[in-house]
Amino acid sequence: MDTLLTILVLQLLASSATPNHYSYNQEQALGCDGFLGSGKVLDKCGVCGGDDTACKVVSGVYKRSASSVGYHKILEIPSGATKINITEMTKSRNYLALRSNTGRSIINGNWAIDRPGKYEAAGTMFMYKRPNEISSTTGESFFSDGPTNDILNVFMIYQQPNPGVHFEYVLLSDNIVSSQLDPSSANQNTDVAYNGQLAASASNSRIDGVIDHASRLSSPVRQTPAGTDAKNVWRHGAEVAPVPAAHVQSQDFVPGQTTVRQGEPGDQVEPSYPYQEFSWKRVGTSECSSTCGRGKQRPIVHCVRKSTQEEVGSVLCDSSTKPKEQEEPCNIQPCPAFWDVGEWSECSKTCGTGKQHRQVLCRQLYAGRITTVHHHRCRSLERPESTTTCQLRICSEWRIRKEWSTCSVPCGVGQRTRDVKCISNIGDVVDDHECNMKLRPGDSENCDMGPCTRSWFFTDWSSRCSAECGKGEESRSVVCLMNHVNSLPLKGCGGQHPAENRICNKGSCENRVSWFTAPWGQCSVECGNGTQSRDVICIQRSNTSFLVLAPSACSHLQKPPSHQACKSRTCGMRWFSTAWSACSKSCEGGFRVREVRCLADDLSLSMDCEMEKKPDDRETCNVQPCVPKIDEHCKDKYFNCNVVVQARLCVYDYYKRACCASCKRAATRTRRFGR
């Protein structure tokens, strides 16, 4: 039994090394169905090995131009769409916008232009791109792999003629059958061969089936299932197929397949492979992590048969002797310098065309680090633009809120008006300066209603007669007009001129008593506010004369006023002064003062009065000499009182009474000239 198992293992090894058999080939690619060399790929519908008939591709170019600035719907993307591509054919000042079926803005909504990037919508992710370079000719676009779970609407923010928008998306058919193998399908056991890999069930005592060498060699190492002896394993390349711990019964071998059946208990086989026949060999290196500027790579080591240098499964070599895969430097030459651009700054204007700026630096990569270098290293490259134009939203615009009114005249040339307002992008009325005044529509214009006819027009007769009694006149106004508008000379209408006056009679004036008023007199001031008066007398009228009566005779009648305020011309700036103060001295010259101000008509202070006419605000007063008051009882009783004064004896009461006049004169002189 040991010999039988050895022969089986050797045959498997020989079949893997024989070039006439189907063997592992590194050049064979893995198909989308999981088999090496199947050649199957995904078609545009996403079906493995499909023929592009399981879906519908919808594409076209939208070229219609709008007639007004704003949002215009150009496309509806249905639910379930995949591989969505919406692209402007040429760069323009228009913008693409995306909204949900409920009207929610996703990209570039509400007159706000979003930054390029990723935006989530309808259960998928959209990538929005907008060209920033001046040299670029491609317009903006957005893409998505889909599928969408709701309807989406594509809009164009129209600002200039449409250069064309290309659109394309894929719709899967409802009856698509997946070409992927489902391991859980009905009537299929998960423990049997799947995608060419051999598996064994612990509950089965027998493994029958064809082993595909190509699949076996490319399959990953499987763990040993429960209930299987870990020693009883067939190793071949990278394939590990567990064998139940049971006797193996001898059986003839059929080329191309191997059948193993249970034998008797106690006939277990434990194959062993001498590691001396195989060794680890470096066969190359991995791809360098960078094409320049010092990258990293790792050595590639395979297990080979020493005698033939043929690559075999790694399980045949001693894993403890496998060389460590240490990183090695590669492509250490410096990378070419390149222009590195920063993010665009905010737009310089909140609406209309503005400018954006960004930083442009010359950089170079080395040893995984990007450093800034002198710009002359990038001189062979075209320098990206650091300034570009931008427009966040359309500025406010003029709108006509009300159409033309009726003409201001029923005939001839008149005017008509309309309401023109500056409206913001959200519909609010704003100040006119937020709109371009050069583009403002006219709000008034002339209108010609045709020639007018001429007619006489007159008012009603006045209700007052020119006389309070007896005969008088009453009047009315008469004009010649052209349909109530233009006044013409009275002769312009022709025909008989209507009367402007007629006689009126208020009854007899005999013995009628009334107040008679004379004309008003002159105003009391030449300028400014004053008063004026007139004579008011009580008279009795007869048809030919007047009789003056006492005022009491007219007491039952309201007496007209005899005084009234009057106002002459404005006085302009004038000097005003207060009364003089009291004199500082009663005799021998003092002074007095007053305040002088320049006032306007409204009594506010002014500086415009003529200085040469300014009244004095200080003057002298009481210039007469001081005369002592004579006291008849104050006399000198002695002839030599002058000696008393010289001896300064007037300080004593006796001498002050005895020489009263001399002492008083001496005291007066002392006060006048000082001591």
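Residues numbered from 1 in each chain as written. Predicted model: local features only at pLDDT ≥ 70, side-chain atom pairs only at ≥ 80, totals over all residues. Heavy atoms only, no water.

1. Focus: the overall build of the chain
Of regular secondary structure, the chain possesses five helices and 43 strands. Across the 675 residues of the chain, 30% fall into the buried class. Summarising the internal contacts of the chain: among those between residues at least 6 apart in sequence, 61% fall at separations of at least 24. Only carbon and sulfur atoms are counted for the fraction: they give 50% of the accessible area of the chain, which is about 44300 Å². (Helix = DSSP H or I, 4+ residues; strand = E, 2+ residues; numbered from the N terminus. Buried < 20%, exposed > 50% of the residue type's maximum accessible area, 1.4 Å probe, protein only. Contact = heavy atoms within 4.5 Å. Areas by Shrake-Rupley, 256 points an atom, 1.4 Å probe, with all protein chains shown as cover.)

2. Looking at the state of the cysteines
Evaluation of the coordinates by the stated rule reveals 16 disulfides. Paired through a disulfide, C362 and C378 show a sulfur-sulfur distance of 1.9 Å. On the sign convention where negative means left-handed, the S-S torsion of about 85° between C362 and C378 marks this disulfide as right-handed. In this pair, C362 sits in strand β22 (residues 360-366) while C378 sits in the loop between β23 (369-372) and β24 (387-390), placing the two residues 16 residues apart along the sequence. Each member of the pair, C362 together with C378, is buried. Residue C422 pairs covalently with C435 via a disulfide, S to S 1.9 Å. As the torsion about the S-S bond is roughly 85°, the C422-C435 disulfide counts as right-handed. Of this pair, C422 sits in strand β27 (residues 419-423) while C435 is found in the loop between β28 (429-430) and β29 (444-448), placing the two residues 13 residues apart along the sequence. The same class applies to C422 as to C435, namely buried. (Disulfide = S-S within 2.5 Å.)

3. Focus on the pattern of salt bridges
Tallied over the full model, the rule gives 14 salt bridges. As a salt-bridge pair, E328 and R282 come within 3.0 Å of each other at their nearest N and O atoms. Taken together, the positions of E328 in strand β19 (residues 328-330) and R282 in strand β15 (residues 278-285) put the pair 46 residues apart, joining distant regions of the chain. Classification of E328 by relative accessible area gives partly exposed; the value is 24%. (Salt bridge = Lys/Arg side-chain N within 4 Å of Asp/Glu carboxyl O.)

4. Observations regarding the sheet that holds strand β9 (residues 152-158)
The strand order across the open sheet formed by four strands is β2-β9-β4-β5, and the pairing between neighbours is antiparallel. Single-partner strands in this sheet number two, and they are β2 (70-77) and β5 (105-107). The average angle at which neighbouring strand axes cross in this sheet is 35°, direction not considered. Here six bridges tie strand β4 (residues 95-100) to β9, and the two strands are oriented antiparallel to one another. Across the sheet, the residue bridging to A97 is F155, located in β9. (Pairing = 2+ DSSP bridges. Axes fitted to C-alpha atoms, helices over the stretch in contact; angles between N-to-C directions.)

5. Quick look at a nonpolar patch on the surface
A cluster of nonpolar side chains, contributed by F516, I537 and V548, occupies part of the molecular surface with about 260 Å² of accessible area. Within the secondary structure layout, I537 lies in strand β37 (residues 536-541). Residue class for I537 comes out partly exposed when judged on its relative accessible area of 33%. (Patch = residues over 30% accessible without salt bridge, like charges linked within 9 Å, V, L, I, M, F, W, Y side chains within 5 Å.)

6. Some words on the environment of V651
Here V651 lies in the loop between α3 (641-646) and α4 (653-658). Sequence separation of V651 and C663 is twelve residues, and the distance between their C-alpha atoms is 8.7 Å.

7. Points about the sheet that holds strand β35 (residues 512-517)
Taken in spatial order, the three strands of this open sheet run β35-β37-β38, and their pairing is antiparallel. Edge positions in the sheet fall to β35 and β38 (546-549), since each of these pairs with one other strand and no more. Ignoring strand direction, the axes of neighbouring strands in this sheet form an average angle of 40°. Here β37 runs beside β38; their pairing, made up of four bridges, is antiparallel. By the bridge assignment, Q540 is partnered in β38 with L547.

8. Some remarks on the environment of T387
Structurally, T387 is set in strand β24. Between the C-alpha atoms of T387 and W344, which are 43 residues apart in sequence, the distance is 8.6 Å. A polar side-chain atom of T387 sits 3.2 Å from a polar atom in the side chain of H357. (Polar contact = N/O pair within 3.5 Å; in protein donor to acceptor, adjacent residues only side chain to side chain.)

9. What about the packing of aromatic side chains?
The tally for this structure, following the rule as stated, stands at three aromatic pairs. Judged by centre distance (5.1 Å) and plane angle (75°), the rings of Y71 and W111 are edge-to-face. Taken together, the positions of Y71 in strand β2 and W111 in the loop between β5 and β6 (117-121) put the pair 40 residues apart, joining distant regions of the chain. With respect to class, Y71 is no different from W111; both count as buried. (Phe/Tyr/Trp six-rings, centres within 6.5 Å; stacked < 30°, edge-to-face > 60°.)

10. Considerations on the nonpolar core
Generally speaking, a soluble globular protein has its nonpolar side chains buried in company with each other. In terms of nonpolar packing, the biggest core is built from 34 residues, with I74, I77, I86, L98, F142 and V154 touching the most fellow members. Per-element accounting of this core gives the leading share, six residues, to β9. What I74 contacts, discounting residues up to four positions off in sequence, is Y62, L96, V154, F155, M156 and V165. (Core = buried A, V, L, I, M, F, W, Y, C linked by side-chain atoms within 4.5 Å.)

11. Looking at the confidence of the model for the chain
The predicted structure's coordinates, where accompanied by low pLDDT, should not be read in detail. With 76% of its residues at a pLDDT of at least 70, the chain reaches an overall mean of 75. Confidence drops under a pLDDT of 50 for residues 1-28, and excluding neighbours within four residues, the segment shows 44 contacts in the predicted structure. (pLDDT = per-residue confidence, 0-100.)

12. Re the pairing of strand β7 (residues 124-129)
The alternating pattern of β7 places T124, F126 and Y128 on a buried face and M125, M127 and K129 on a face that is not buried. Here five bridges tie β6 to β7, and the two strands are oriented antiparallel to one another. Residue K118 lies in a different strand from β7, and its bridge partner there is M127. The turn linking β6 back onto β7 is made up of two residues, and A122 within it adopts a positive phi angle of 55°. As judged from the three bridges shared by β7 and strand β8 (residues 141-144), these two strands associate in the antiparallel manner. In the sheet register, Y128 faces β8, and the bridge partner there is F142.

13. A word on unusual backbone geometry
Cis rather than trans, the peptide bond between G146 and P147 has omega equal to 0°. One non-glycine residue, W111, lies in positive phi territory at about 60°. Of the residues examined, W111 reaches a relative accessible area of 19% and is grouped as buried.

14. Looking at the side chain of Q391
Looking at where Q391 falls in the secondary structure, it is placed in the loop between β24 and β25 (397-402). On the basis of relative accessible area, Q391 is assigned to the buried category, the value being 11%. Looking at Q391, its side chain comes within polar contact range of the side chain of Q159, at 2.9 Å. Apart from residues no more than four positions distant in its own chain, Q391 is found in contact with R93, Y95, I113, Q159, C347, G352 and T353.

15. As for the side chain of Q364
Along the chain, Q364 falls in strand β22. For Q364, a relative accessible area of 15% gives the class buried. Within the structure, the side chain of Q364 is placed 2.7 Å from the side chain of R377, a separation counted as a polar contact. If near-sequence neighbours (up to four positions away) are discounted, Q364 is found in contact with P334, C335, P336, A337, F338, R369, I370, T371, V373 and R377.

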